[in-house]
Amino acid sequence: MPSNLPPLRKKTPRNCLIESLLSLVSQGRLSLAISSLDSLAQKGLRLPSQTLAFLLQKCAETKSLKLGKWVHLHLKLTGRKRPETFVANHLINMYFSCGSDFSAREVFDKMSVRNLYSYNGMLSGYAKMGRMRPARKLFDQMPDRDVVSWNSMIIGYAKSGVFDESLRFYKELRRLCIGYNEFSFSGALTVCVKMKELKLTRQVHGQVLVIGFLSNLVISSTLVDAYARCGEMNDARMMFNEMQVKDVLAWTTLVSGYAKWGDMESASELFNEMPEKNPVSWTALIAGYARNGLGDKALELFRKMMVLQIRPDQFTFSSSLCACSSIASLKHGRQIHGCLIRLNFRPNTIVVSSLIDMYAKCGSLEIGRRVFDLTDDKQDPVLWNTMISALAQHGHGEEALNMFDDLVRSSVKPDRITLVVILNACSHSGLVQEGVRYFESMTGDHGIVPNQEHYACLIDLMGRAGRFDQLMNQLKKMPCELDGRLWNAILGVCRIHGNMELGRKAAERLIELEPQSSAAYVLLSSIYAALGKWELVEKVRRLMDERHVKKERAISWIEIENSVHTFTVSDRLHPLKDVIYSVLEQLGCQMEEDAPSIDPER
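Residues numbered from 1 in each chain as written. Predicted model: local features only at pLDDT ≥ 70, side-chain atom pairs only at ≥ 80, totals over all residues. Heavy atoms only, no water.

Undergrad: When you look at the overall build of the chain in this model, what are you seeing that I'm missing?
TA: Of the regular secondary structure elements, the chain holds 34 helices and two strands. Computed over its C-alpha atoms, the radius of gyration of the chain comes to 31 Å, more than 25% above the 25 Å expected for a compact globule of 602 residues. By its C-alpha atoms, the chain is 115 × 55 × 55 Å across when sized along the principal axes. A separation of at least 24 residues holds for 58% of the contacts in the chain among residues at least 6 apart in sequence. Roughly 32,500 Å² of accessible area belongs to the chain as shown, and the carbon and sulfur atoms make up 51% of that amount. (Helix = DSSP H or I, 4+ residues; strand = E, 2+ residues; numbered from the N terminus. Rg over C-alpha atoms; globule rule 2.2 N^0.38 Å. Contact = heavy atoms within 4.5 Å. Areas by Shrake-Rupley, 256 points an atom, 1.4 Å probe, with all protein chains shown as cover.)

As C-alpha cells, then:
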C-alpha cells in the first residue's frame, strides 16, 4: 500500500471495507472506489475524515468533478451536510481544481468554522482562475493574513495582467514583518517577464540576491527569461552561467532568447551543448530559424528531430510550416502535412492556419482552400483571417469579401485582424468604396474601434488608388498621432505614385521615429536624387553610415536535389555560383529571344 494512504488500525469489518476502497484507489480505479461509497452509506458506516480528504485530493488531482460530487453527496447522506473544517477545506480545493468556483464558494459560505487555510484555499482558487475581483473582496475581509495570502494576490494579479496591483501588493508585503518566501519573488518576476521592464528586473534581481534565493531553480530561470525578454542577452547569459543547477527549462529559455533576438549562432551553439533536449528546445531553435529568414535550416533541424523520433508538438509543426512558407517549398510543406496525417496528430487552429498559409504562399491556393473547407471547427476567427488573407494575396478580392460575409453568417465574431486583412484585400484589388464601407462600419457593426494598423490599411487603400486628397482628409480626422506604421504606409503609396513632396515628408518623419529603418533612408535618398539635390543625397548616406543602417539585401532560394540553397545578388561565395549564373544567363538570353519585337514606326 502506498505510504501516502491514510493509516488503518486494527482489523475490523469497517476497516476491511475501507482498506479495500483504498486498495482500489492505489490501483488507479478511483471511479470504482467512489462508487462503493453507496454500500458503505447503506450499512451506516462513516469514513474517517482523513480517508474522505484523501479521496477528495485524488478527485482534485485527476480533475474528476463528477466523482468529487459523489464524495460530497456521500458526506450529506451520512449526516455531514456541514462537514468539519478539515474536510471542507479539501472540498474547496477539489471544486477549484475541477473549475467549479461556484460550488467551492458554496462550501466556504456554509462552513461553521473557517481557518486561515480555508481563506487561503479560496484566494488561491480564485487567483488561479483569474477571478481577482472576488479574490480581492475576500482578501479585504480576512481576519488574519499570512505570506501565502499575500503571495496568492501578487501571483494572481501578475498572471491576470494587472501589473500595477501585483507590484503594489509585493511592495506592501515587503514592508510588513510577516516575512516572505520564494513564491513572493516569483510573482514579481512574472510581472518582469510580462512587462519586459529591465529596470524592474534589475531591482527584483538585487532583492533576490540580498535575501539569498538565487539558488532557487525557478527564480533563477525566471530571471534568465526576464533578461532575455528585455533583449539583455549578456545579463541573461551571466545569470545562466551563475546557476549551480540548470534544468532543461533554463537551457531552453536561453536558447529561445538568442533565437528571438536573431543571434542564431549563439542559439545553435547553446542548443548543441544542452545535456538534455525536449521538444520545446528543438522547437525554440526551429522557430528561431524560421523567424529569422533561415527556413532551410529550420527544415533541416525538423528532419533531424524526426529521425531521432522526438515527437513534435503543435508549435513545432506551426514553425516548420512557416519555414516552408518563407522559402516557398511546397514539397517540404506536403511532407509535413503527410507527417501530421501519419502521426494521427490533431492539429490546433494555429497549425491548420499555418497549413493554409503554406499552401497559399507556395502557389497551391486550391489545396489551402480545401484544408479550410475540411476543417470541422471554424469558430476561431484566426482560420478565417488566414483564408481571407490568402485569397487577397492571390488577387481574389471579391472572393475574400464573400468569405468575410460567410464568416459573419457563421456567427463568428470578427476581430481586429479580420478587419485588417479585409481592408488589405480591398486595397490590393482596388475595391476602394468597399474598403471605405468596411472601415466605417467597424465600430457600429462589429464593435471594433480602429487603431493605427486599420488607419494604415485605409491610407494604403486610398493611396494605391491615387486619392491623395481623401487620404489627407483622413489623416486630419485621425484621433491619434501618426506612428511608424502609418508613415510607412504613406511612404509606400508615395513610392507607387511618385508623390515626391509627401514622400519626402513621410521619409523624414519615419527616420525620426525609426532611425534604423533602411527603407526610409533609401527612398529619401532617391527623392533627393530625382530633384537633383546631390548634397542632400550625400548627407542621407552619411547619416546611414553613422547610424550603421544597412539596406537589407534580398535573398533568393533554389531547391537542387532535395536541398534548399540561399543566395543574394552578386553572391560570389555560394559553392554553386558558376551553375547559378550560367542558368541566369541562359534565362536572360531566352527572355530576349521571346520578347516581342517593337515596330519603330508604330
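Still more ground to cover, so stick around.
Undergrad: Explain the packing of helix α25 (residues 397-409) against helix α27 (residues 432-446) to me, please; I cannot follow it from the model alone.
TA: Packed helix pairs are characterised by how far apart their axes lie and by the angle those axes make with each other. Running from N to C, α25 and α27 point in directions that differ by 15°, and their axes come no closer than 13 Å. Between α25 and α27, the crossing angle belongs to the class labelled roughly parallel. The two elements α25 and α27 cross, and the hand of that crossing is left-handed. Contact with α25, carried on its side by L401, F404, D405 and V408, involves E434, Y438 and H446 of α27 and no other residues of that element. (Axes fitted to C-alpha atoms, helices over the stretch in contact; angles between N-to-C directions. Parallel < 35°, antiparallel > 145°, perpendicular 65-115°, else oblique. Left-handed = near helix turned anticlockwise from the far one by under 90°.)

Undergrad: In this structure, what is going on with the packing of helix α17 (residues 264-273) against helix α18 (residues 279-291)? I would like to understand it.
TA: With their axes 11 Å apart at the nearest point, α17 and α18 run at an angle of 160° to one another. Relative to α18, the element α17 lies roughly antiparallel. Note that α17 runs across α18; the crossing there is left-handed. Residues M264, A267, S268 and F271 of α17 touch α18, and the partners they reach there are S281, W282, L285, G288 and Y289.

Undergrad: Could you clarify how one ought to interpret the nonpolar core in this entry?
TA: The tendency in soluble globular proteins is for nonpolar side chains to be buried side by side. Counting 181 residues, the largest nonpolar core has V204 and I490 as its most contacted members. If we ignore the near neighbours within four places in the chain, the residues touching V204 are Y170, F185, A188, L189 and C192. (Core = buried A, V, L, I, M, F, W, Y, C linked by side-chain atoms within 4.5 Å. Buried < 20%, exposed > 50% of the residue type's maximum accessible area, 1.4 Å probe, protein only.)

Undergrad: Can you help me understand the confidence of the model for the chain in this one?
TA: In low-pLDDT regions, the fine details of the predicted coordinates are not to be read closely. On average, residues of the chain carry a pLDDT of 85, and 91% of them reach 70 or more. Overall, residues 598-602 carries pLDDT values under 50, and its contacts beyond four positions in sequence, including any with other chains, amount to zero contacts. (pLDDT = per-residue confidence, 0-100.)

Undergrad: I would appreciate a short explanation of the environment of I350 in the present structure.
TA: Inspection of the secondary structure assignment puts I350 in helix α22 (residues 349-361). For I350, a relative accessible area of 44% gives the class partly exposed. Sequence separation of I350 and Q470 is 120 residues, and the distance between their C-alpha atoms is 38 Å.

Undergrad: Looking at this structure, I do not really get the UniProt feature "repeat: PPR" (unreviewed entry) in the chain. What am I missing?
TA: Here, UniProt's "repeat: PPR" (unreviewed entry) annotation points to residues 115-149, 216-246, 247-277, 278-312 and 380-414. In the segment residues 216-246, helix accounts for 74% and strand for 0%; the C-alpha atoms at its two ends are 10 Å apart. As annotated, residues 278-312 has a helix share of 74% and a strand share of 0%, and its two end C-alpha atoms lie 10 Å apart. (UniProt positions renumbered as here; feature names shortened; annotations may be inferred.)

Undergrad: What am I meant to see in the state of the cysteines here?
TA: Covalent bonding between the sulfur atoms of two cysteines is what defines a disulfide. Tallied over the full model, the rule gives zero disulfides. Of all cysteine sulfurs, the one in C230 lies closest to C192, which takes part in no disulfide; the gap is 7.7 Å. Take C324: it sits in no disulfide, and the sulfur closest to it among the cysteines is that of C362, at 6.7 Å. (Disulfide = S-S within 2.5 Å.)

Undergrad: Help me understand unusual backbone geometry in this model?
TA: Leave glycine aside and you will find that most residues have negative phi; peptide bonds, for their part, are mostly trans. Even without being a glycine, Q309 presents a positive backbone phi close to 60°. Checked against the element boundaries, Q309 lands in the loop between α19 (295-307) and α20 (314-326). In this structure, A328 takes a positive phi of about 50° despite not being glycine. Its place among the elements puts A328 in the loop between α20 and α21 (330-342).

Undergrad: Just to check I follow, could you spell out the packing of aromatic side chains for this structure?
TA: In this description, a pair of aromatic rings is defined by centroid distance and the angle of the planes. Scanning all chains against the criterion turns up 15 aromatic pairs. Taken together, F139, W150, Y157 and F169 form an aromatic cluster joined through their ring pairs. Positioned over the ring face of F108 is R114, at 4.4 Å from the centre of the ring. K246 extends its terminal NZ or CZ atom over the ring of F240, reaching a point 5.2 Å from the ring centre. (Phe/Tyr/Trp six-rings, centres within 6.5 Å; stacked < 30°, edge-to-face > 60°. Lys NZ or Arg CZ within 6 Å of the ring centre and 35° of its normal.)

Undergrad: Explain the environment of E273 to me, please; I cannot follow it from the model alone.
TA: Its place among the elements puts E273 in helix α17. Overall, the relative accessible area of 49% leaves E273 in the partly exposed class.

Undergrad: Could you clarify how one ought to interpret the pattern of salt bridges in this entry?
TA: A side chain with one charge can pair with a side chain of the opposite charge if their charged atoms come near. Applying the stated criterion across every chain, the model contains 14 salt bridges. Residue R136 pairs with E165 through a salt bridge whose shortest N-O separation is 2.8 Å. Here R136 is found in helix α9 (residues 132-141), whereas its partner E165 is found in helix α11 (residues 163-175), with 29 residues between them in sequence. Accessibility expressed as a relative area gives 24% for R136, which makes it partly exposed. One salt bridge in this structure joins E165 and R168, with 3.2 Å as the shortest N-O distance. Here E165 and its partner R168 are both found in helix α11, three residues apart, which amounts to about one turn of the helix. Residue classification places R168 among the partly exposed residues on the basis of a relative accessible area of 41%. Each of R136, D140, E165 and R168 takes part in one network of salt bridges that share partners. (Salt bridge = Lys/Arg side-chain N within 4 Å of Asp/Glu carboxyl O.)

Undergrad: I would appreciate a short explanation of a negative patch on the surface in the present structure.
TA: Where like charges cluster on the molecular surface, the negative patch consists of D263, E265, E269 and E273. Secondary-structure assignment places E269 in helix α17. (Patch = residues over 30% accessible without salt bridge, like charges linked within 9 Å, V, L, I, M, F, W, Y side chains within 5 Å. Lys, Arg positive; Asp, Glu negative; His and termini not counted. Charge placed at Lys NZ, Arg CZ, Asp CG, Glu CD.)

Undergrad: Hey, could you run me through helix α8 (residues 116-128) in this one?
TA: Three- or four-residue spacings in an α-helix give side chains the same orientation, since the helix completes a turn every 3.6 residues. Spanning 13 residues, α8 covers 18 Å between terminal C-alpha atoms, matching the ideal 18 Å at 1.5 Å per step. Restricting attention to buried positions, one finds in α8 the residues S118, Y119, N120, M122, L123, G125, Y126 and A127. Among the structural elements, α6 (85-97), α7 (101-110), α9 and α10 (147-159) are those in contact with the buried residues of α8. Where α8 starts, the residue carrying a side-chain oxygen 3.2 Å from the main-chain nitrogen of Y117 turns out to be N115. Positioned one or two residues after α8, G130 has a phi angle of 75°, which is positive. (Expected span 1.5 Å × (residues − 1). Polar contact = N/O pair within 3.5 Å; in protein donor to acceptor, adjacent residues only side chain to side chain.)

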